[in-house]
Amino acid sequence: MTSYPKLLAPLDLGFTTLKNRVLMGSMHTGLEEAGDWNRVAAFYGARAKGGVGLIVTGGMAPNKEGGVMPGAAGLFSDEDIANHAIATKRVHDEGGKIAMQILHAGRYAFSPDCVAPSAIKSPISMFKPKALDEAGIQKQIADIAMAATRAQAAGYDGVEIMGSEGYFLNQFLVTHTNKREDRWGGSYENRMRLPLEVVRRVRQSVGRKFIIIYRLSMIDLIPNGSTWREVVQLARAIEMAGATIINTGIGWHEARIPTIATSVPRAAFTWVTQKLMGEVNIPIITSNRINIPEVAEEVLQNGAADMVSMARPFLADPNFVAKAAAGQAALIAPCIACNQACLDHTFSLKMSTCLVNPRACYETELVLEPTGTPKNIAIVGAGPAGLATAIAAAERGHHVSLFDAAEEIGGQLNLAKQVPGKEEFKGLVAWYRAMLETLDIKQHLGRRVGVDDLTGFDEVVIATGALPRDPEIKGQDLPHVLSYADVLRGADVGKRVAVIGAGGIGFDIAEYLVTGKSPTLDLAAWKAEWGVADPEDAPGGLADSGPQPEPPLRQVTLLQRKASKLGKGLGKTTGWIHRAALHMKDVAMIGGVNYEEITADGLMISEGEARETPRLIKADNIVLCAGQVPERSLADALAAKGMGCHIIGGADVAAELDAKRAILQGTKLAMEL
Ligand code: FAD
Ligand code: NAP
Ligand code: SF4
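Residues numbered from 1 in each chain as written. Chains lettered and ligands numbered in written order. Predicted model: local features only at pLDDT ≥ 70, side-chain atom pairs only at ≥ 80, totals over all residues. Heavy atoms only, no water.

1. Some words on the site of ligand 1
Point 1. Neighbouring residues of ligand 1: 34 residues in total, closest Gln340, Asp404, Lys422, Gly650 and Ala659.
Point 2. In this structure, a nitrogen atom belonging to ligand 1 sits 3.5 Å away from a side-chain N or O atom of Arg448.
Point 3. Between Gly650 and ligand 1, the recorded distance is 2.7 Å, taken from a backbone N or O atom to an oxygen atom.
Point 4. Coverage of ligand 1 by the protein amounts to 91% of the 990 Å² it exposes when considered alone.
Point 5. Among the elements of the structure, α14 (384-396), α15 (413-416), α18 (504-514) and α22 (659-672) are those that each provide at least two residues to the shell around ligand 1.
Point 6. Counted by class, the shell around ligand 1 contains 18 nonpolar, nine polar and seven charged residues.
Point 7. Here the shell around ligand 1 gathers at least three residues from each of two domains, domain 2 (376-468 + 629-672) and domain 3 (481-515 + 552-626). (Near = heavy atom within 4 Å. Polar contact = N/O pair within 3.5 Å; in protein donor to acceptor, adjacent residues only side chain to side chain. Areas by Shrake-Rupley, 256 points an atom, 1.4 Å probe, with all protein chains shown as cover. Helix = DSSP H or I, 4+ residues; strand = E, 2+ residues; numbered from the N terminus. Nonpolar A, V, L, I, M, F, W, Y, C, P; charged D, E, K, R; others polar. Domains from an automatic or database assignment.)

2. A few points about the side chain of Thr273
Point 1. Note that Thr273 resides in helix α9 (residues 270-276).
Point 2. Here Thr273 falls in the buried class, since its relative accessible area comes to 0%.
Point 3. Of the polar contacts made by the side chain of Thr273, one reaches the side chain of Thr248; its length is 2.9 Å.
Point 4. Ignoring sequence-local partners within four residues, the contact set of Thr273 consists of Met218, Thr248, Ile284, Ile285, Thr286, Ala304 and Ala305. (Buried < 20%, exposed > 50% of the residue type's maximum accessible area, 1.4 Å probe, protein only. Contact = heavy atoms within 4.5 Å.)

3. Topic: the sheet that holds strand β15 (residues 442-445)
Point 1. The five strands are arranged β15-β14-β13-β16-β27 in an open sheet whose pairing can be described as parallel. Edge strands, defined here as strands with exactly one partner in the open sheet, are β15 and β27 (646-647).
Point 2. Two strands pair when backbone bridges link them, and strand β13 (residues 376-380) and strand β16 (residues 459-462) are joined in this way by four bridges, in the parallel orientation. Across the sheet, Ile379 pairs through a bridge with Val461, a residue of β16.
Point 3. Against the sheet, helix α21 (residues 633-640) makes contact with β13, β16 and β27, and its axis sits at roughly 145° relative to β16, the strand it touches most. (Pairing = 2+ DSSP bridges. Axes fitted to C-alpha atoms, helices over the stretch in contact; angles between N-to-C directions.)

4. Remarks on the pattern of salt bridges
Point 1. Within the structure shown, the criterion is met by 28 salt bridges.
Point 2. Arg447 is the partner of Asp453 in a salt bridge, and the nearest nitrogen-oxygen pair spans 3.0 Å.
Point 3. Put simply, Glu631 and Arg448 hold a salt bridge, and the shortest N to O gap is 3.1 Å. One end of the pair, Glu631, is in the loop between β26 (628-630) and α21; the other, Arg448, is in the loop between β15 and β16, and 183 residues separate them in sequence.
Point 4. Residue Arg448 is classed as exposed on the basis of its relative accessible area of 58%. (Salt bridge = Lys/Arg side-chain N within 4 Å of Asp/Glu carboxyl O.)

5. Describing the domain arrangement of the protein
Point 1. Structurally, the protein comprises domain 1 (11-346), domain 2 (376-468 + 629-672) and domain 3 (481-515 + 552-626).
Point 2. Centre-to-centre, using C-alpha coordinates, domain 1 lies 40 Å away from domain 3.
Point 3. Together domain 1 and domain 3 conceal approximately 570 Å² of surface at their shared face, both sides included; 63% is due to carbon and sulfur atoms.
Point 4. Looking at the side of domain 1 facing domain 3, the largest losses of area belong to Arg256, Pro258 and Asp344, adding up to 63% of the total buried there.
Point 5. Along the contact surface separating domain 1 from domain 3 lie zero salt bridges.
Point 6. Taken together, the connections running from domain 1 to domain 3 amount to two residue pairs in polar contact (both at pLDDT 80 or more).
Point 7. Split by residue class, the side of domain 1 that touches domain 3 holds six nonpolar, two polar and two charged. (Buried area = accessible area lost by both parts, 1.4 Å probe.)

6. Here's the deal with the site of ligand 3
Point 1. Every residue close to ligand 3 is listed here: Arg312, Leu315, Cys335, Ile336, Ala337, Cys338, Asn339, Ala341, Cys342, Cys354, Leu355 and Val356.
Point 2. Taken together, the residues that form the shell around ligand 3 break down as ten nonpolar, one polar and one charged.

7. Quick word on the pairing of strand β14 (residues 399-404)
Point 1. Across the six residues of β14, five count as buried, placing the element largely inside the fold.
Point 2. In this structure, β13 lies alongside β14, joined through five bridges in parallel fashion. In the strand pairing of β14, Ala378 is matched with Ser401.
Point 3. Taking the sense of rotation as the criterion, the β-α-β connection linking β13, α14 and β14 turns out right-handed.
Point 4. Relative to β15, β14 runs parallel, the two being bridged by four bridges. Paired with Leu402 across the bridge in β15 is Gln443. (Right-handed = clockwise from strand over helix to strand, strands pointing away.)

8. Some remarks on the packing of α18 against helix α20 (residues 575-584)
In a packed pair of helices, the relevant descriptors are the angle between the two axes and the axis-to-axis distance.
Point 1. Where α18 meets α20, the axes come as close as 10 Å, and the angle between the chain directions of the two elements is 35°. Relative to α20, the crossing made by α18 is left-handed. Facing Phe507, Asp508, Ala510, Glu511 and Val514 of α18, the residues of α20 in contact are His578, Arg579, Ala581 and Leu582.
Point 2. Residue composition of the contact of α18 with α20, by class: five nonpolar, one polar and three charged. (Left-handed = near helix turned anticlockwise from the far one by under 90°.)

9. Here we look at the sheet that holds strand β4 (residues 54-60)
Point 1. If you trace the eight strands once around the closed barrel, you get β3-β4-β5-β8-β9-β10-β11-β12, paired in parallel fashion. When the angles between neighbouring strand axes are averaged without regard to direction, this sheet yields 30°.
Point 2. Of the pairings in the sheet, the one linking strand β5 (residues 98-102) to strand β8 (residues 158-163) comprises four bridges and is parallel in character. Within β8, the residue paired with Ile102 across the bridge is Ile161.
Point 3. Against the sheet, helix α2 (residues 37-49) engages β3 (22-24), β4 and β5, with an angle of about 155° to β4.
Point 4. Of the strands in this sheet, β5 and β8 touch helix α4 (residues 134-153), which is tilted by about 160° from β5.

10. Examining the packing of aromatic side chains
Point 1. Taken as a whole and assessed by the stated rule, the structure comprises eight aromatic pairs.
Point 2. On the numbers, 5.0 Å between centres and 65° between planes, the contact of Phe43 with Tyr44 is edge-to-face. The two residues Phe43 and Tyr44 agree in class, both being buried.
Point 3. When the ring of Phe403 is compared with that of Phe457, the centres are 6.2 Å apart and the planes differ by 90°; the resulting orientation is edge-to-face. Taken together, the residues span a long stretch of sequence, with Phe403 in strand β14 and Phe457 in the loop between β15 and β16 at a distance of 54 residues.
Point 4. Looking at Phe403, the relative accessible area reads 5%, which means it is buried.
Point 5. Given the relative accessible area of 24%, Phe457 is considered partly exposed.
Point 6. Between the NZ or CZ atom of Lys64 and the centre of the ring of Phe76, over which it lies, the distance is 4.2 Å.
Point 7. Across from the ring centre of Trp271, 3.9 Å away, lies the NZ or CZ of Lys527, which sits over that ring. (Phe/Tyr/Trp six-rings, centres within 6.5 Å; stacked < 30°, edge-to-face > 60°. Lys NZ or Arg CZ within 6 Å of the ring centre and 35° of its normal.)

Pasting the structure below:
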């Protein structure tokens, strides 16, 4: 008997059956735009082989004006159809099913040609859209229907019509973006005419036996969003228009409430989908922040949905479903919802991949071939760099011994996991632990390794990480000065704190110091903190009272020497969340300072090159988060004895180091050993 009976149960759609209740949600990876269709096929094929019930591709443009940016991929020619057919065939050969998402970006398109119901610029785009006339609207409908016809010709099992997240169809639904006075605007019947017409026309074009998923925005999280009555009305009409399945969309891209970041509680929005259960007769999919089979099963057991969508978890592990089915859930590489290598890459116009699994989207390039000559490999340092090397090398067939001075593996991940909102790092360390055991990697923990321990190995890998930088501030040896590691290991901290350094760690320390119980572990508290309400009580789900965060535990001042905005270097898609969270907790942020001296009363600073306006920031404790430098002592000692080694992670380069770079470097090294 499986542990996930609901999740792994087939879903009969009448004309076809999905083998389980797991949908791989749409992700824009950049693969389709790169144009290497064997690579696209390898990516989707691996996920199909891994057992997912239905894959949805990244959004494909129905026409030039609807593309998310100039050059966005779509099915515009016979050549495009033939290329897509390479991917659909691979998925079918692996026993899977795949639907193509049709994404019309409307006013979110990063293009001067963008179109929308009304000429209102979005806050996240530099282009003002052109308001469509009647002929323009008819063209969009025809183009979307044509895209579906072409998807069918390319061998897809269905299409997903993107109607949420604030894109084109969503823009017609709400008065926030639709100010029209013709039959496409005004009353709700008029505003929902376009999505309904699109579904009707797509169904007409593709016939009865083709999956049509409609992604419906169930909680817009913007001012003047849809009411719950409208959501239900739309869902029923979408069913009548011919959709096979309704998928959940949560929040517009311009919403100022996080919806998928790691600080969002797991399954935080399934209660919204659950409200729609019973209102329609077709299956409903729920989504957002579901990343392990236990949670997915629980969601289904609770009757919140008929099926669960997970997107990023399939970057982290293509074999998610197969491992769950085989009773190996502990071996599923977890998506920690960091966005660092997926969405942050997308928004930087880079190919998506995954922090945890750098082989995602690089299936044809980062290939771990079994080794013909197994070696004895010593790896010093069980942080992410050393762990990634150990696992990949052992998977290739090498004999790996892993050393760490600490009693537990994980390196700095064990500090990161203490930060409220970063609890997912616990799952990542647990996964590494399970992988070390299953791959029979010898672990030598709790002892600092010296040169003499490393003789007799074929290869030595130094992954000893990084040490805090010495900022050389007068008075830093006073007893009330702490390092970030002291704080995260539980040191007593007073009520007024000055944090020196506002990089990733400085922000995390500030969050740790102002937060009591982590709202990420308490859905009600998290909803109150960000002002999320039931859309039945407040249109769009924005609470009338606005955000109601818990008062800060401490009075924190976060400082940096640069004059630029604090947090500028944080993640592209998550930096705003960190900044907003600290603002809500009244953290003072001061840039452009000089650290003159730490005294018993606090921190003396001055401003600018002229060292103006010296003043004391009164503080019970000062926390140093002034960056890191490589821990090279062992590497240097080996070099002094003439012993060769590979140096990776923080031990190699500490500047701008993160777990993404450490894991990628470790994986690449393991390919070469
Ligand atoms: P480390 O993780 O530093 O591991 C080095 C290991 O080597 C340690 O376990 C140490 O005990 C061991 N070691 C050293 N010398 C010896 C020796 N002589 N003998 C035996 N063992 C030895 N990164 C992200 O990507 N995203 C985040 O959200 C994020 N958040 C963070 C939050 C905090 C609070 C902190 C502190 C870091 C965060 N990071 C984050 C950074 C990330 O954790 C590091 O970049 C990463 O851990 C570096 O990996 P590493 O393997 O090079 O070194
Ligand atoms: P960091 O991001 O490089 O920040 C270092 C901070 O210290 C900066 O604010 C810098 O600002 C300051 N600083 C540098 N030299 C100093 C000096 N001599 N005296 C005083 N201040 C000094 O490094 P970090 O915060 O230590 O983080 C380490 C790594 O972990 C980072 O590279 C980061 O990517 C990663 N990390 C990532 C996340 C994430 O969410 N992705 C979270 C935490 C950590 P000024 O020079 O302007 O003073
Ligand atoms: Fe998940 Fe982070 Fe990987 Fe993206 S990069 S898939 S958020 S673990």
